[in-house]
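Coordinate analysis (summary)
Residue-level listing of the chains:
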Amino acid sequence: MNDNPCTQIRHDFPIFEVSVDDQPLCYLDSAATTQKPNQVIQAVKDFYQSQNANVHRGLHTLSEQATTAYEAVRRKLAQFLNVQSREIVWTSGATASLNLIAYGLSDSLKKDDVILLSPLEHHANIVPWQLAAKRTGARIELLPVDAQGILQLEQAKALIENLKPKVMSICHASNALGNINDVAALIASSKSSGTVTVIDGAQSLLHLRPDLQQLDCDFYVFSAHKALGPTGLGGLYGRYELLNALPVYQSGGEMIDTVSFSGTTFRPAPEKFEPGTPNIAGVIGFGAALDYLAAQDHDALFQHEQSLYQSLLQQLSGIDGIRIWGDTANNVGTVSFNYKNEHHYDLATLLNTHGIAVRSGHHCTQPLMAHLGIEGTIRASLAFYNNQQDISRFIAALKDTISLLEE
Amino acid sequence: MNDNPCTQIRHDFPIFEVSVDDQPLCYLDSAATTQKPNQVIQAVKDFYQSQNANVHRGLHTLSEQATTAYEAVRRKLAQFLNVQSREIVWTSGATASLNLIAYGLSDSLKKDDVILLSPLEHHANIVPWQLAAKRTGARIELLPVDAQGILQLEQAKALIENLKPKVMSICHASNALGNINDVAALIASSKSSGTVTVIDGAQSLLHLRPDLQQLDCDFYVFSAHKALGPTGLGGLYGRYELLNALPVYQSGGEMIDTVSFSGTTFRPAPEKFEPGTPNIAGVIGFGAALDYLAAQDHDALFQHEQSLYQSLLQQLSGIDGIRIWGDTANNVGTVSFNYKNEHHYDLATLLNTHGIAVRSGHHCTQPLMAHLGIEGTIRASLAFYNNQQDISRFIAALKDTISLLEE
Amino acid sequence: MDLSHIEHSLAQHGAWQGKYREIMLLGKALPAMPDALKTDDALVKGCESKVWLHLDLDEQRQRLILIADSDTRIVKGLLAIILACYNNQLPLEAGKLDAYELFDKLGLIKHLSPSRGNGVRAIVERIHQQLQVLQ
Amino acid sequence: MDLSHIEHSLAQHGAWQGKYREIMLLGKALPAMPDALKTDDALVKGCESKVWLHLDLDEQRQRLILIADSDTRIVKGLLAIILACYNNQLPLEAGKLDAYELFDKLGLIKHLSPSRGNGVRAIVERIHQQLQVLQ
Ligand SMILES: Cc1ncc(COP(=O)(O)O)c(C=O)c1O
Ligand SMILES: Cc1ncc(COP(=O)(O)O)c(C=O)c1O
C-alpha cells in the first residue's frame, strides 16, 4: 500500500510530533474531532496577533479588514458546498445548528405531523426534535435499519412515500458506525411530499465534500472542528426562502434592523440568525482549513482513507471473536466493533496503555446501541492524515490487549 | 503621568507591533473586543498543536488531558468570580448567555409580570426579553436614566420597591457610555420582592473583576473576547438552585443522561446547558487570560486605566464643541461624545485616516441613543494596555479632523 | 461637475485626508435635498448613514435626473461622484454603467470596503433597480 | 485480600499494562454479585461503566460489609481495592477513610483522572453517604 499522499500531509499536523504517555500518538478518534494542520493553527494565531478586531459596524481599518476576511470565508464555504453565501449561517457547532433548525421548523409543525429520523442519529439530531415534537404534538418516526446497523433503502423510500413526513432529518454518515447513507435517494423520495429535508453533515463535510445542489437538501449542518477547523464553530446551509422564513432564534446585537422598546425589527438571513459577536478567529481558521482542503487532491485523499479502512477491516476480521458493526461497503472510514463479551471500557483502557486513542461507549447514539442490542462499541475512526503504521500499531495493541484479557 | 505598569504590559500584546495603513495602531475600541496577550495566543496554539482532543467521555489520554484542562478553567473562573464551579456554564458569548436565561426564566413569567431593564442596555439585553415578554405577556419597564445618560439611583430603588419586578436585568457597566451602575444597591433593593437579578457583565469582568457573592446577583453573563480571551466563548454564572431549575435550552450530546425514542433525561447543571462539543480551545485560551490577569496587580491596572481616562476627559473637554455623554465620575474608561452637529460617521472615518480605531454609531444601544436624542456617538474605550501616547495621538487626530470639517 | 474633473482632483492627493477633503468638497457642492423629499421610500437600505435618492426621467430629453442627499459629508461626496456618473445619461446607457467600477478606477475602493463599499453598492443597486422600473 | 498485599503487587509493575493486569486479577477474585442484587437502587451514578454497591452492617460485630460489582473488569478491580479498604471496618473508622487518597498512594490517581477518577470519587462518595445513613 502506498502511503505517499499521506507522508507529506502528515507533516502538516504538528500533533503527530507529540508523545502521549511516552509513546507517539496513534490517533484513531477523528470522528470525535479532527487534528488541525499548521495552516489552520497559524491563521488563528495570525488573526489574534495582527488582525484582531470585532466585525461589522466598525469603520476603522482593523475592523473593516476583519469583516472582509470573515465574510470571505462565508463565500469560500458557499463555494465548497456549491450554494450561495447568504445561505450560510455561522453557529457555535452542529448541535447549535440542529437546535436552530428544529426550533425554527416547530412553527410549521402541528399535531400528528411526522418528523422522520433514523435509529442511526447522534443525540444532537434526536433530542432537539423530541423537544419540537413535545411542543407541537408532532410525532417522531424512524427509518428502517437492520440488525447490522444498515439503513434499508428500499423500505425507507416506501416509508417516506407512505408517511409523507413534514420533516426528515438524517445523518449523511453515521458517527457511530461510519455508514454513508444514500441521502440523495431519500431526499428524492421525499420531494413529492414536500418534506423539509435536513442533513446532519457533521461526519460528511470532510470525507465526502458534498455538493449540496446535487444532494438537493433544504438544510445541511456541520461542525468546523470535525473538518480540520477550530472548536466553537459550526454552521448550516439553508435553502434561502426556507431559511429566511424561519423565525428568529437567538436575538441580540448585529442581527437587528431597529430596536426600540415599542418594537424591534430583524434583518434578513443570514444576519437574522447571527446575533452577538461571532467566533471570528474560528471562522478565519476554518477559512484556512477550506484553503488547505482545496489545495489537496480530494480523490487521492479519499482513496488513501479508503485503502487504510480496507486494511483495517481486513486485519480486524482476521481476529477471532471480533464483531464489526455497520455498513463496511459504504463507509467514511470508521470501524465500530466489539470483542466477544469483553466490555468496550476495558478494551479502550488497555489500548490506551499502548498510546492508541480510540473512542469507546455509545458515541452519543444510545438509541442505535439499543437497536443493536449492545451497550457500546470500540470505535476507530480514520482521517487522511492516518497511515499504515497507525493501523499496524492498533492491530498489534489490540492483539496484546486481547491476550491480556484472555489470560 | 506614570506609564510604568503599562510599558511592560504593552509588550505582551503583539498587535501593537502592527502597522495599520502604514501607521502604528492606536486602538481605542476595547469595549468592542479587547486585544489578546501572547500568553492567550500561545495557549490556543499549544492546545491545537499538542493537546487537541474532544472533551468528556474519551478514555484515551489526550482526551482525558483536554478534559482536565478544560474543567480546570471552569474552576479558575469560579474562583475569579468567587462562586462555585458548578455554577459556571460555558456558552458561545454574552448574547447566547442572555438568550439562555431569558428563555429559561420565561417559564416562570406570566401575564403582567414585570421585567425591569434600563435604557442603557445593549440590544443583547433587550431583545431576548422582548421575545420573552411576547411569549408570556409579561411587560418591560425601565429604570430611570437622566438626559446625560446616568441611572437615577434613588428613583430606581423606589421604582423597584414599587414594581416588584419578577426579573431585573441590568448592565454592570454600559458599553455605549462606560457608566458603572451601582448594581449592588439595585440588587439589594430588589431582594425583598424576590426579584431574579441578572447582571450583564460584558463590560465589567475585565475592568471591575466583580466578586459575585458580594454583588449577590442571581445571574451574571460575560464574553471571553471582551476580557483578553478568544472569540466564540462566553458564559454565565447562575445561583445553583435557580440555575439548575431552568429548563433545558439547547439539547444534544454531552448534556443528556439517557436518550431513547420513548424519552430522554438530562443531567444536572452545568452539563444540562452545555450540549455538543464546546469551544475547547477557547476555554483553554480564556484560562490563560485569567492566569494573566491574576498575575497582574489589579489596583495598579485600574489606576492606570483611570488616569488615562481622566487625561482623555480633560483634553477632550478642552475642545470647544465637544459634548461628552454618560457618567464621568463612575466609568470603566469609555468616552462617548459628539462634536457639534458633525456626524459620527464623518468623524470616525477621518480619525481612521490617522490610524485611530474608535467606534461610531449607536453601539447596539438604539433605545439609549433615542433617549439621548442623538443618532450615535464616537466612542473611545480604553483598556490597561493603552498609554498616554494613544491619548495624545487621538487628541491630535481629533483636532486635525475638526479643523478639516470646519474648513 | 464632470468625472474627469473629479478624477483629476482626487488623483492630486496621495494621503487619505486629502482625498476625503476633496470628497467632502464634492459633497458641499451637491445641492441639499428639500426635507419634504427625504421620505422613507427614498431611503436606501444597507448604508452606514442615511442616504435618500430620487431618480427621474426628463421625458423630453430622455435623460436621467438624479437627486440624492446624505446626513454625512463623506457619503454625500460619494453620492456626488455617483450622480456625476449617472446624471444626464440615457437610461439605456446608464443601465450599462457600473459606478462601483468607477470607484475602483478612482482608487477609492480599497478604502471603501466593506461597509462603505457596501453602501456604494447598495446605492448603485438602487439606481439600477429604478432604471429597470423606468424601462 | 489486604491492602498491603495489593500495594505490593501493584508496586511490582512500572508499566500500565502490568498494573492493569493486577487490577483485573483483583477483580477476578471479587465474588460476582447475584443478579437479583443488581438493582437500579444499587447503581452508582457518575461512573463510565455500571457499578452496583451494597453496604450493610454486621450488627453483632458492628463491622461493615460491602459487596460491589461492575460490568467491566478494570472497574471491578478498582472496586476490590475500595472494598479492601472499607470492609470489616467499624463505621466510625470507615467514616474517616478516604479511598481516593489510597489510590493516590497506590500510584493510580494520575492515570485515573478525570473520568476513571470521577468514577472512584463517585463510589467513595456513595459509601460515605450510606455510612451517614447507618449512623
Ligand atoms: C454590555 C454588553 N452586553 C452584551 C454584549 C454582547 O456581547 P457579545 O457580542 O460578545 O455576545 C456586549 C457586547 O458588545 C456588551 O457590551
Ligand atoms: C453525526 C453527528 N451529528 C452531530 C454531532 C454534534 O456535533 P458537535 O458536538 O460538534 O455540535 C456530531 C458530533 O459528534 C456527530 O458526529
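Conventions used here
- Within any chain, residue numbers begin from 1 and follow the written order of that chain's sequence.
- Chains and ligands are labelled sequentially in the order written, the chains with letters from A and the ligands with numbers from 1.
- Where local features are concerned, this predicted model is filtered to residues with pLDDT of at least 70; where side-chain atom pairs are given and counted, the filter is 80 or more; whole-chain, interface and lining totals use all residues.
- Hydrogen atoms and water are omitted, and side-chain values are computed over all heavy atoms in the structure.
- UniProt positions are given in the numbering used here, feature names are shortened, and annotations may be inferred rather than shown by experiment.
- In this scheme Phe, Tyr and Trp rings, the latter by its six-membered ring, pair at centre separations within 6.5 Å, and the angle between planes marks the pair as stacked below 30 degrees, edge-to-face above 60, and tilted otherwise.
- Each residue is placed in one exposure class: buried if its accessible area under a 1.4 Å probe, protein chains only, is under 20% of its type's maximum, exposed if it is over 50%, and partly exposed if it falls in between.
- Counting from the N terminus, the helices are DSSP H or I runs at least four residues long and the strands are E runs at least two residues long.
- Two thresholds decide whether a charge sits over a ring: the Lys NZ or Arg CZ must be within 6 Å of the ring centre and within 35 degrees of the ring normal.
- Throughout, a residue-residue contact means that at least one pair of heavy atoms, one from each residue, lies within 4.5 Å.
- The least-squares superposition of copies is restricted to C-alpha atoms, and to residues with a pLDDT of at least 70 in both copies.
- Residues grouped as a nonpolar core are buried Ala, Val, Leu, Ile, Met, Phe, Trp, Tyr and Cys residues, joined through side-chain atoms within 4.5 Å.
- Strand pairing is assigned whenever DSSP identifies at least 2 bridges connecting the two strands.
- Throughout the structure description, domain borders are defined by an automatic or database domain assignment.
- When two components associate, each loses some accessible surface as probed by a 1.4 Å sphere; the sum of these losses over both components is called the buried area.
- Each salt bridge in this description consists of a side-chain nitrogen of Lys or Arg and a carboxyl oxygen of Asp or Glu lying within 4 Å of one another.
- Contacts described as polar in this section are N or O atom pairs within 3.5 Å, which, within protein, must combine one atom able to donate a hydrogen with one able to accept it, while residues neighboring in sequence count only if both atoms come from side chains.
- Asp, Glu, Lys and Arg are counted as charged, while Ala, Val, Leu, Ile, Met, Phe, Trp, Tyr, Cys and Pro are counted as nonpolar; the rest, among them Gly, fall into the polar class.
- Helix axes are fitted only over the stretch in contact, all axes being lines through C-alpha atoms; the angle between N-to-C directions runs from 0 to 180 degrees.
- Note on definitions. A residue lies near a molecule or strand when any single heavy atom of the residue is within 4 Å of it.
- Each accessible area is a Shrake-Rupley result for a 1.4 Å probe, and residues are judged covered by the shown protein chains and nothing else.
- These descriptions rest on fixed angle ranges, namely under 35 degrees for roughly parallel, over 145 for roughly antiparallel, 65 to 115 for roughly perpendicular, and the rest for oblique.
- Two helices cross in a left-handed way if the nearer one is turned anticlockwise from the farther one by less than a right angle. They cross in a right-handed way if the turn is clockwise.

- Under an unreviewed UniProt entry, the name given to chain C is SufE protein, and the organism recorded is Pseudoalteromonas rubra.
- In its Sequence similarities (unreviewed entry) section, UniProt records this for chain C: "Belongs to the SufE family."

- An unreviewed UniProt entry lists chain A under the name Cysteine desulfurase, with Pseudoalteromonas rubra given as the organism.
- Turning to chain A, the UniProt annotation filed under Function (unreviewed entry) states: "Catalyzes the removal of elemental sulfur and selenium atoms from L-cysteine, L-cystine, L-selenocysteine, and L-selenocystine to produce L-alanine."

**Details of the packing of aromatic side chains**
- Applying the stated criterion across every chain yields a total of 25 aromatic pairs over all chains.
- Here B:Phe13 and B:Phe16 contribute two aromatic rings whose centre-to-centre distance is 6.5 Å and whose plane-to-plane angle is 55°, an arrangement assigned as tilted. Take B:Phe13 and B:Phe16: they sit in the same class, and that class is buried.
- Consider the rings of B:Tyr103 and B:Tyr249, whose centres lie 5.0 Å apart with planes at 50°: the pair is tilted. Residue B:Tyr103 is found in helix H4 (residues 94-106), and its partner B:Tyr249 is found in the loop between helix H10 (240-245) and strand S11 (256-260); the two are separated by 146 residues along the sequence.
- Using a relative accessible area of 12% as the deciding quantity, one classes B:Tyr249 as buried.
- An aromatic cluster is built from A:Phe13, A:Phe16, A:Tyr292, A:Phe384 and A:Tyr385, whose rings are joined through pairwise contacts.
- The side chain of A:Arg323 reaches across the aromatic face of A:Trp325, ending 3.9 Å from its centre.
- Lying across the ring of B:Phe16, B:Arg10 places its NZ or CZ 4.1 Å from the centre.

**A closer look at the arrangement of the chains**
- Taken together, the five pairs of chains in contact show their highest number of contacts between chains A and B.
- With no contact formed, the shortest span from any C-alpha in chain C to any C-alpha in chain D equals 47 Å.

**Structural notes on the relation of the copies chain A and chain B**
- Superposition of chain A onto chain B requires a rotation of 180° combined with a translation of 0.0 Å along the rotation axis, giving an RMSD of 0.0 Å. Such values leave the two copies arranged in the relation of a two-fold axis.
- In this assembly, 99% of the residues forming the interface of chain A have copies in chain B that are likewise at the interface, indicating an isologous arrangement.

**A look at the nonpolar core**
- Core analysis: the biggest nonpolar cluster contains 150 residues, and A:Phe286, A:Phe384, B:Phe286 and B:Phe384 have the highest contact counts within it.
- Apart from the residues lying within four places of it in its own chain, the contact partners of B:Phe286 are B:Val73, B:Leu77, B:Trp90, B:Leu205, B:Phe222, B:Ala224, B:Ala227, B:Gly229, B:Pro230 and B:Leu233.

**A few points about the pairing of strand S17 (residues 377-381) of chain B**
Residue and element names in this part refer to chain B.
- Counting buried positions along S17 gives five out of five residues, so the element sits mostly inside the fold.
- Here S17 shows no split at all, with Thr-377, Arg-379 and Ser-381 on one side and Ile-378 and Ala-380 on the other all buried.
- As paired strands, strand S14 (residues 334-339) and S17 are joined by four bridges and run antiparallel to one another. Each bridged residue has a counterpart across the sheet, and for Thr-334 the counterpart in S17 is Ser-381.
- Where strand S16 (residues 359-361) and S17 come together, three bridges link them in antiparallel fashion. Bridge assignment links Gly-361 to a residue of S17, and that residue is Thr-377.

**Quick notes on the domain arrangement of chain A**
Residue and element names in this part refer to chain A.
- Examined at the domain level, chain A breaks down into domain 1 (3-30 + 297-402) and domain 2 (42-294).
- The straight-line distance from the C-alpha centre of domain 1 to that of domain 2 is 28 Å.
- The interface is formed by 32 residues belonging to domain 1 together with 27 residues belonging to domain 2.
- Carbon and sulfur atoms supply 58% of the area that domain 1 and domain 2 bury against each other, a total of about 2500 Å² over both sides.
- Our enumeration of links across domain 1 and domain 2 arrives at zero salt bridges.
- Here domain 1 is connected to domain 2 by 17 residue pairs in polar contact (both at pLDDT 80 or more).
- Listed by contribution, the elements that provide at least two residues to the side of domain 1 that touches domain 2 are helix H12 (298-317), strand S13 (322-325), strand S14 (334-339) and helix H14 (366-372).
- Residue contributions to the side of domain 1 that touches domain 2 peak at six residues, all from H14.
- Of the residues contributing to the side of domain 1 that touches domain 2, the split by class is 16 nonpolar, eleven polar and five charged.

**As for the sheet that holds strand S6 (residues 139-142) of chain B**
Residues and elements named next belong to chain B.
- The strand order S4-S10-S9-S8-S7-S5-S6 describes an open sheet built from seven strands, whose pairing is mixed. Among the strands making up the open sheet, the edge pair consists of strand S4 (88-91) and S6. On average, each strand axis in the sheet is inclined to that of its neighbour by 20°, with strand direction left out of account.
- Across five bridges, strand S7 (residues 167-171) lies against strand S8 (residues 196-200) in parallel orientation.

**Digging into the interface of chain D and chain A**
- The partner chain A presents 14 residues to the 17 residues of chain D that form the contact.
- Interface of chain D and chain A: buried area, both sides summed, is about 1500 Å²; carbon and sulfur atoms make up 52% of it.
- Joining chain D to chain A, the criterion identifies three salt bridges.
- Between A:Glu407 and D:Arg21 there is a salt bridge, and its shortest N-O distance comes to 2.6 Å.

**A look at the site of ligand 1**
- Close to ligand 1 lie A:Gly276, A:Thr277, B:Ala94, B:Thr95, B:His122, B:Asn175, B:Asp200, B:Ala202, B:Gln203, B:Ser223, B:His225 and B:Lys226, which account for all nearby residues.
- Chains contributing residues near ligand 1 are chains A and B.
- Between ligand 1 and B:Lys226 there is a distance of 2.6 Å, counted from an oxygen atom to a side-chain nitrogen or oxygen.
- When ligand 1 sits alone it has 400 Å² of accessible area, and the protein chains cover 95% of it.

**Overview of the interface of chain A and chain B**
- Contacts between the two partners involve 91 residues from chain A and, on the opposite side, 91 residues from chain B.
- For the pairing of chain A and chain B, the buried interface totals around 6700 Å² over both sides, and the portion due to carbon and sulfur atoms is 61%.
- Summed over the shared surface of chain A and chain B, the number is zero salt bridges.
- Put simply, chain A and chain B have 36 residue pairs in polar contact (both at pLDDT 80 or more) between them.

**Concerning the UniProt feature "domain: Aminotransferase class V" (unreviewed entry) in chain A**
- When the UniProt feature table is mapped onto this chain, "domain: Aminotransferase class V" (unreviewed entry) is found at residues 27-394 of chain A.
- Split by type, residues 27-394 of chain A is 41% helix and 17% strand. Its first and last C-alpha atoms lie 10 Å apart.

**Concerning the site of ligand 2**
- In the neighbourhood of ligand 2, the contacting residues comprise A:Ala94, A:Thr95, A:His122, A:Asn175, A:Asp200, A:Ala202, A:Gln203, A:Ser223, A:His225, A:Lys226, B:Gly276 and B:Thr277.
- Site remark: ligand 2 is flanked by residues from chains A and B.
- Within the side chain of A:Thr95, an N or O atom sits 2.6 Å from an oxygen atom of ligand 2.
- Against a free-state accessible area of 390 Å², the protein chains account for coverage of 94% of ligand 2.

**Some details on helix H13 (residues 344-352) of chain B**
- Among the nine residues that make up H13(B), nine are buried, leaving the element largely enclosed by the rest of the structure.
- Among all positions in H13(B), only B:His344, B:Tyr345, B:Asp346, B:Leu347, B:Ala348, B:Thr349, B:Leu350, B:Leu351 and B:Asn352 are buried.

**A word on the packing of helix H13 (residues 344-352) of chain A against helix H15 (residues 388-406) of chain A**
All names here are of chain A.
- Relative to each other, H13 and H15 sit at 120°, their axes nearing to 9 Å. When the interaxial angle is binned, H13 and H15 end up oblique. Every pair of crossing elements has a handedness; the one defined by H13 and H15 is right-handed. Seen from H13, the contacting residues are Asp-346, Leu-347, Leu-350 and Leu-351; seen from H15, they are Phe-394, Ala-397, Leu-398, Thr-401, Leu-404 and Leu-405.
- Residue classes in the contact of H13 with H15 are distributed as eight nonpolar, one polar and one charged.

**As for the sheet that holds strand S6 (residues 139-142) of chain A**
Residues and elements named next belong to chain A.
- Read from one edge to the other, the open sheet built from seven strands follows the order S4-S10-S9-S8-S7-S5-S6, with strand pairing classed as mixed. Strands at the two margins of the open sheet, each flanked by one partner only, are strand S4 (88-91) and S6. Strand-to-strand, the axes of this sheet are offset by a mean angle of 20°, without reference to chain direction.
- Running at roughly 155° to strand S9 (residues 219-223), helix H4 (residues 94-106) makes contact with S4, strand S7 (167-171), strand S8 (196-200), S9 and strand S10 (234-238) of the sheet.
- Strands S7 and S8 of the sheet are contacted by helix H7 (residues 183-190), whose axis makes an angle of about 175° with S7.

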